[in-house]
Amino acid sequence: MTNETVEQMIALLKTPELCDLRRLADEHPLPWAEFVKLKEPAGITQGQAWDILNTLRRQTAIELPFRDGEGRCGWYYPTRSIEADLDEIDKRCHAGSLLDLAIKSRNTTYFLIEAHVADAITIVQEDGLAIGYEKAREVLLGEREPENSGERLLLNGHQAIWDLDDYAERPCTPELIFEMYEKISKGVDDQTTPSRVQQSLNWKRKRLDSLAALSLVAKLVEENREGYDEHPLLLGMAVRHIIMSTLPLPSWNGTMYSLLMKLLFKKSHLPVLAFVPLVKTCREWESGILRPPSVMASLADSEVLIGNEVDYTIYVGVMAHLARQRLDEVENELKRVIKRDEAFVQALRDDVEINHRQRAVLQVALSNPEAVFKIESHQMMHKVAYATARADLLKLAELGFLRCVRSRRAFEFRVTPGLRQLLMDHAKDEES
């Protein structure tokens, strides 16, 4: 290369027009539709300016740890907007964050059910099963037993979430994935054909057999931040893409990928991210419910072919921003639940029928629907006579807030499903 050629290249890189293009591309993902409205440097064509810009971006891009259905390498350029969204997710979702502690203090079981029934329904729809909102809510809250495969799969998947802390302590392997699969498919009929979602053209079939696909997924989940440069959110999207593109499990691949994404977030020490309704968000974008201008680009325009590689920068930008928006919604919902619970507690304080010991029981019951109360424990905690402790719990059972059941020779008092609604109805009756 001659000195003259080098000098021309340096001069081109210093032109104000190319510097402006680079600044914009550093700030946020730059779609072609926006690029063509910008001024290119003098002496080169628009296509040449596009090629030069992409070449510069590719040099500092992050390469994704999988290939697409055509075997092509994929990458994304970490713009400032993407990094800002991912940093915000890290700050608010990490173990021990204020949001993590708040969710734990409000009982994750109830919060997950009430705030994310719609996401749970979307997950079983990924597997071709349909279930209504109220029916899903009844099953998840334990108000009735599942009546069909869709409801059983919904409940199995929900119950498997509570084993994720144990799974997170074990290495993720294909064997562990099959163990999880056995748990969620117990009592559920086999899936005979792929669902409409699984047959979508969004999922370009990959050249991987089932074991190779599960091995790659297990590696992504296990090594997460330690082995890859990508953010766990993006690795979670990769898990989804690999499973839905290869369908490596005999049935219910949609339910399984959602669990494996949550497991990855747990192992990445971002437990709050497991509460963000990512599956529903992905489906809304893929189906066109979310479209420009509410998102930067449609799914079809979010993957850009650059030479023989795929630039996923726009895809990553959209998903990072949507995840951050959904995180805001989770936080707002949690604040609403806390505010409502505080109103319940205040109403209980004004209720002459309920004493301070019974209020303490109901506060625990609101935070933990799985709590079990015993007369002896209540007696010791509040230092009252056995008869007083017994009367306290029996009164709550009489009001319908607890259920009295015999366990061996003792009585146990369990939380009545739908306690919050019962307390709301009780408060309205007291006001009238």
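See the structure above.
Thresholds, definitions, all that
Residues numbered from 1 in each chain as written. Predicted model: local features only at pLDDT ≥ 70, side-chain atom pairs only at ≥ 80, totals over all residues. Heavy atoms only, no water. Helix = DSSP H or I, 4+ residues; strand = E, 2+ residues; numbered from the N terminus. Contact = heavy atoms within 4.5 Å. Areas by Shrake-Rupley, 256 points an atom, 1.4 Å probe, with all protein chains shown as cover. Lys, Arg positive; Asp, Glu negative; His and termini not counted. Charge placed at Lys NZ, Arg CZ, Asp CG, Glu CD. Pairing = 2+ DSSP bridges. Axes fitted to C-alpha atoms, helices over the stretch in contact; angles between N-to-C directions. Buried < 20%, exposed > 50% of the residue type's maximum accessible area, 1.4 Å probe, protein only. Polar contact = N/O pair within 3.5 Å; in protein donor to acceptor, adjacent residues only side chain to side chain. Salt bridge = Lys/Arg side-chain N within 4 Å of Asp/Glu carboxyl O.

**A short note on the overall build of the protein**
Within the protein, the secondary structure is distributed over 20 helices and seven strands. The principal-axis extent of the C-alpha atoms belonging to the protein is close to 100 × 45 × 35 Å. A separation threshold of at least 6 residues defines the contact pool for the protein, and within that pool the share at least 24 residues apart is 66%. Here the protein has roughly 21300 Å² of accessible surface; of this, 51% comes from carbon and sulfur atoms. Looking at the protein, you have 55 positive and 67 negative side-chain charges, and the mean spots of the two groups are 4 Å apart.

**So, the environment of Phe 401**
With respect to the element layout, Phe 401 can be found in the loop between helix H19 (386-398) and strand S6 (402-407). Ignoring any residue separated from it by four or fewer positions in sequence, one finds Phe 401 in contact with Ile 354, Leu 362, Leu 396, Arg 414, Val 415, Thr 416, Leu 419, Leu 422, Leu 423 and His 426.

**Some details on the sheet that holds strand S1 (residues 62-67)**
Pairing within the open sheet is mixed, and its four strands lie in the order S1-S2-S4-S3. This sheet does not close on itself; its edge strands, each paired only once, are S1 and strand S3 (304-306). Pairwise comparison of adjacent strand axes, ignoring direction, gives a mean angle of 35 degrees for this sheet. Sheet topology places strand S2 (residues 73-76) next to strand S4 (residues 309-311); two bridges connect them, and they run parallel.

**Re the side chain of Thr 281**
Assignment of secondary structure puts Thr 281 in helix H15 (residues 278-286). Judged by its relative accessible area of 2%, Thr 281 is buried. At a separation of 3.1 Å, a polar atom in the side chain of Thr 281 contacts the side chain of Arg 326.

**Digging into the pattern of salt bridges**
Evaluated as defined, the whole model comprises 31 salt bridges. We note a salt bridge from Glu 63 to Arg 58, for which the minimum N-O separation is 3.2 Å. Residue classification places Glu 63 among the partly exposed positions, given a relative accessible area of 43%. Several salt bridges converge on common partners, so that one network encompasses Glu 88, Lys 91, Arg 92, Asp 328 and Glu 331.

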